[in-house]
Amino acid sequence: MRREGRRGFVVVDMTDLADFAPTDDVEVPDSPLYVVTGVTRDDDMLGWTPTDAHAELGRRGRTPLTVSEGISWLLQEPDALEPGKCFMCVGSRKRTARGTLDARTPAVWISGGTGRDGRENKGAPKVGWCWAGNHHTWLGFASGSGRAGSA
């Protein structure tokens, strides 16, 4: 994934990204080839916490995207990632050894090139995480109207 010539990256403190799996209420087809329909960033929920947004998406009859689906969406529609309007993928969470949910939720946004990101990554797509209870005014919650497996 690239944005304005800058290669996307995963933040250095998310070495366990592969351990984030669909949440219990997200049904991903068994087929490796499937489509998520009606995908949006749900910008009307900018400023919500991931926990509250996840519940609201269910009430709206929408399904939150997993981090893999969010990245796949951007590979097909790179313009969906805009400065000040990026998104979380609350359909993916990691389970702790005790079976509870890890407090982090995956998100995709544009690096500001500060801190550990490094100046060379300014403007690059970034996969990172946010606390499930924090509000972010610039992160929506990618969701779809459904999933359909290949026949």
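For the structure itself, look to the data block above.
Residues numbered from 1 in each chain as written. Predicted model: local features only at pLDDT ≥ 70, side-chain atom pairs only at ≥ 80, totals over all residues. Heavy atoms only, no water.

## A short note on helix H2 (residues 67–76)
Stage number 1. Of all the positions in H2, only Val 67, Glu 69, Gly 70, Trp 73 and Leu 74 are classed as buried. The buried residues of H2 occupy an angular sector of 160 degrees when the element is viewed end-on, so they sit on one face. The exposed set on the far side of H2, more than 90 degrees from its buried face, consists of Ser 68, Leu 75 and Gln 76. (Buried < 20%, exposed > 50% of the residue type's maximum accessible area, 1.4 Å probe, protein only. Helix = DSSP H or I, 4+ residues; strand = E, 2+ residues; numbered from the N terminus. Arc of directions from axis to C-beta.)

## Focus on the pairing of strand E10 (residues 125–131)
Stage number 1. Where burial is concerned, most of E10 is hidden: five out of the seven residues are buried.
Stage number 2. Relative to E10, strand E3 (residues 9–10) runs parallel, the two sharing two bridges. Bridge pairing in E10 links Phe 9 to Lys 126.
Stage number 3. Pairing of strand E9 (residues 104–110) with E10 involves seven bridges; the strand directions are antiparallel. Each bridged residue has a counterpart across the sheet, and for Arg 104 the counterpart in E10 is Trp 131. (Pairing = 2+ DSSP bridges.)

## A short note on the sheet that holds strand E11 (residues 139–141)
Stage number 1. Reading across the sheet, the five strands line up as E3-E10-E9-E7-E11 and stay open at both edges, with mixed pairing between neighbours. If you trace the sheet from one side to the other, it starts and ends with E3 and E11, each paired once.
Stage number 2. One ladder, built from three bridges, connects strand E7 (residues 86–88) with E11; its direction is parallel. Across the sheet, the residue bridging to Cys 86 is Leu 139, located in E11.

## Examining the pattern of salt bridges
Stage number 1. Inspection of the entire model under this criterion finds 14 salt bridges.
Stage number 2. Salt-bridge contacts for Arg 3 lead to Glu 4; the nearest nitrogen and oxygen are separated by 3.5 Å.
Stage number 3. Across the pair Arg 95 and Asp 24 runs a salt bridge whose closest N-O atoms are separated by 2.8 Å. Here Asp 24 lies in the loop between strand E4 (21–22) and strand E5 (34–37) and Arg 95 lies in the loop between strand E8 (92–93) and E9, a separation of 71 residues in the sequence.
Stage number 4. Residue classification places Arg 95 among the partly exposed residues on the basis of a relative accessible area of 41%.
Stage number 5. In this structure, a network of salt bridges that share partners links the residues Asp 16, Lys 94, Asp 102 and Arg 104. (Salt bridge = Lys/Arg side-chain N within 4 Å of Asp/Glu carboxyl O.)

## Description of empty space enclosed by the protein
Rolled over the atoms, a probe sized like a water molecule indicates the empty space that remains.
Stage number 1. Evaluation of the coordinates by the stated rule reveals one cavity of 30 Å³ or more.
Stage number 2. Here the largest cavity is characterised by a volume of approximately 50 Å³.
Stage number 3. For the largest cavity, the full set of lining residues is Met 1, Arg 2, Arg 3, Leu 74, Pro 78, Leu 81 and Pro 125.
Stage number 4. The residue makeup of the lining of the largest cavity, split by class, is five nonpolar, no polar and two charged. (1 Å grid on protein atoms, 1.4 Å probe; cavity = no way out; pocket = protein on both sides within 12 Å on 5 of 7 lines; lining within 4 Å. Points joined across faces, edges and corners; volume = space filled by probe spheres on them. Nonpolar A, V, L, I, M, F, W, Y, C, P; charged D, E, K, R; others polar.)

## Considering the environment of Asp 79
Stage number 1. Turning to its location among the elements, Asp 79 is positioned in the loop between H2 and E7.
Stage number 2. The exposure class assigned to Asp 79 is exposed, which follows from its relative accessible area of 69%.
Stage number 3. With 76 residues separating them along the chain, Asp 79 and Arg 3 place their C-alpha atoms 8.9 Å apart.

So yeah, pure geometry; function would need other evidence.
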